[in-house]
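Remarks on the overall topology
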Amino acid sequence: MDIFEAVKERHSVRQYLDKPLEENVKNELLDLIKECNEKSGLNIQLVCDEPKAFDAKIAKHFENVTNYIVLVGKKQPKLDEKCGYWGQKLVIAAQMMGLNTCWVALTYKKIPGAFTVEKDEKLTDIIAIGYGANQGKERKSKKPEDVCYDIQAAPLWFKRGVEFALLAPTARNQQKFTINLDGISNRVKIKAGLGPEAKTDLGIVKYNFEVGAGKDNFEWADNNTFEIRITD
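Here the structure is a predicted model, which means the values were calculated and not measured. (Residues numbered from 1 in each chain as written. Predicted model: local features only at pLDDT ≥ 70, side-chain atom pairs only at ≥ 80, totals over all residues. Heavy atoms only, no water.)

**Topic: the side chain of Asp-80**
With respect to the secondary-structure elements, Asp-80 resides in helix α3 (residues 79–96). When its relative accessible area of 18% is taken as the criterion, Asp-80 is described as buried. A polar contact of 3.3 Å, which involves the side chain of Asp-80, links it to the side chain of Lys-122. The residues touching Asp-80, leaving out its near neighbours within four places in the chain, are Lys-122, Thr-124, Lys-199 and Thr-200. (Helix = DSSP H or I, 4+ residues; strand = E, 2+ residues; numbered from the N terminus. Buried < 20%, exposed > 50% of the residue type's maximum accessible area, 1.4 Å probe, protein only. Polar contact = N/O pair within 3.5 Å; in protein donor to acceptor, adjacent residues only side chain to side chain. Contact = heavy atoms within 4.5 Å.)

What follows is the structure, given as structure tokens:
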């Protein structure tokens, strides 16, 4: 499965098999998390074999969730968006590894000792991960013209980017965002709508758009790649 197939085939999954992560898959995931943390400056963590966060009382629609990714970073502007972007990178990579995932904002418990959040850090969301009992369901989606006012006149790479952006998971599937060319042929402007998870959604959508459009074909109007640039 390549990254394009992974974006198209990935759906939210809430029911999982009672099966631990295979050691090689776990190690591959840990290596990728380390790489993402180094590039982003975040403190993303993987929690394994921990069943209490998703017990039946608070997470009624989840079953057998014992593994999850915790999105943590230093308090800063655009932290939610940044976590959305890097979290979605991990979600798509997990799909390519044969795993399933689900973004979770509220319906879980914080278990003491399962992960760490320093005083200057914030936990934004977590991602349930494991071997799905099913592959989830395709959801309804807006049309490209619903999120872009001049999609018909746009170049092919932009249309493909919007197509992939509309495959991104968003809170309550509301897809509260717009994407347009910013008056210059290769500059893209994206705007979040209103809502408690809108900023996280924006980061998720940005990642999907980059996959579809190809990062070399454009630049974001806000010039924000969420990647630390190291110079000598």
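Don't stop here, the text continues.
**Structural notes on the state of the cysteines**
Enumeration according to the criterion identifies zero disulfides in this entry. Unpaired in terms of disulfides, Cys-48 finds its nearest cysteine sulfur in Cys-36, a separation of 16 Å. (Disulfide = S-S within 2.5 Å.)

**A closer look at the nonpolar core**
Counting residues in hydrophobic clusters, the biggest one holds 53 residues, and the most contacted among them are Ile-44, Ile-69, Leu-99, Phe-158, Ile-179, Val-188 and Phe-209. It is α3 that contributes the most residues to this core, nine residues altogether. Residues in contact with Leu-99, not counting those within four places in the same chain, are Leu-21, Val-25, Leu-29, Ala-94, Ile-129, Gly-130 and Tyr-131. Among the nonpolar cores identified, the runner-up in size contains 19 residues, and Ala-59, Tyr-68, Val-70 and Tyr-108 belong to it. (Core = buried A, V, L, I, M, F, W, Y, C linked by side-chain atoms within 4.5 Å.)

**Remarks on the sheet that holds strand β3 (residues 100–104)**
In space, the four strands of this open sheet follow the order β1-β2-β4-β3, with antiparallel pairing throughout. Of all strands in the sheet, those with a lone pairing partner are β1 (45–47) and β3, marking the two edges. Pairs of neighbouring strands in the sheet enclose a mean axial angle of 25°, with direction left out of account. Across three bridges, the pairing between β1 and strand β2 (residues 68–74) is antiparallel. Within the sheet, the bridge partner assigned to Gln-45 lies in β2 and is Val-70. (Pairing = 2+ DSSP bridges. Axes fitted to C-alpha atoms, helices over the stretch in contact; angles between N-to-C directions.)

**Observations regarding the environment of Leu-194**
Residue position: Leu-194 is located in the loop between β6 (187–192) and α6 (198–213). Given the relative accessible area of 75%, Leu-194 is considered exposed. Placed 18 residues apart in sequence, Leu-194 and Lys-176 show a C-alpha to C-alpha distance of 7.1 Å.

**What to know about the pairing of strand β5 (residues 177–181)**
Bridge analysis of β5 against β6 gives five bridges, and the strand direction is antiparallel. Residue Phe-177 lies in a different strand from β6, and its bridge partner there is Ala-192. Hairpin connection, β5 to β6: the antiparallel pair is bridged by five residues, and Gly-183 has positive phi, about 80°.

**Quick word on the packing of aromatic side chains**
Counted by the stated rule, this structure contains eleven aromatic pairs. Judged by centre distance (5.4 Å) and plane angle (75°), the ring pair of Tyr-85 and Trp-86 falls under edge-to-face. Judged by relative accessible area, which is 4%, Tyr-85 ranks as buried. Through a chain of ring-to-ring contacts, the aromatic side chains of Trp-157, Phe-158, Phe-209, Phe-218 and Trp-220 assemble into a single cluster. Directly above the ring of Tyr-131 sits Lys-19, whose terminal nitrogen or CZ lies 4.3 Å from the centroid. (Phe/Tyr/Trp six-rings, centres within 6.5 Å; stacked < 30°, edge-to-face > 60°. Lys NZ or Arg CZ within 6 Å of the ring centre and 35° of its normal.)

**A few points about the sheet that holds β6**
Read from one edge of the open sheet, three strands run β5-β6-β7, paired in mixed fashion. Where the open sheet ends on each side, the last strands, each with one partner, are β5 and β7 (219–220). Helix-sheet contacts for helix α5 (residues 156–165) involve β5 and β6, and the interaxial angle to β5 is about 170°. With respect to the sheet, α6 is in contact with β5, β6 and β7, its orientation differing from that of β6 by roughly 150°.

None of the figures reported here should be taken as evidence of function without further support.
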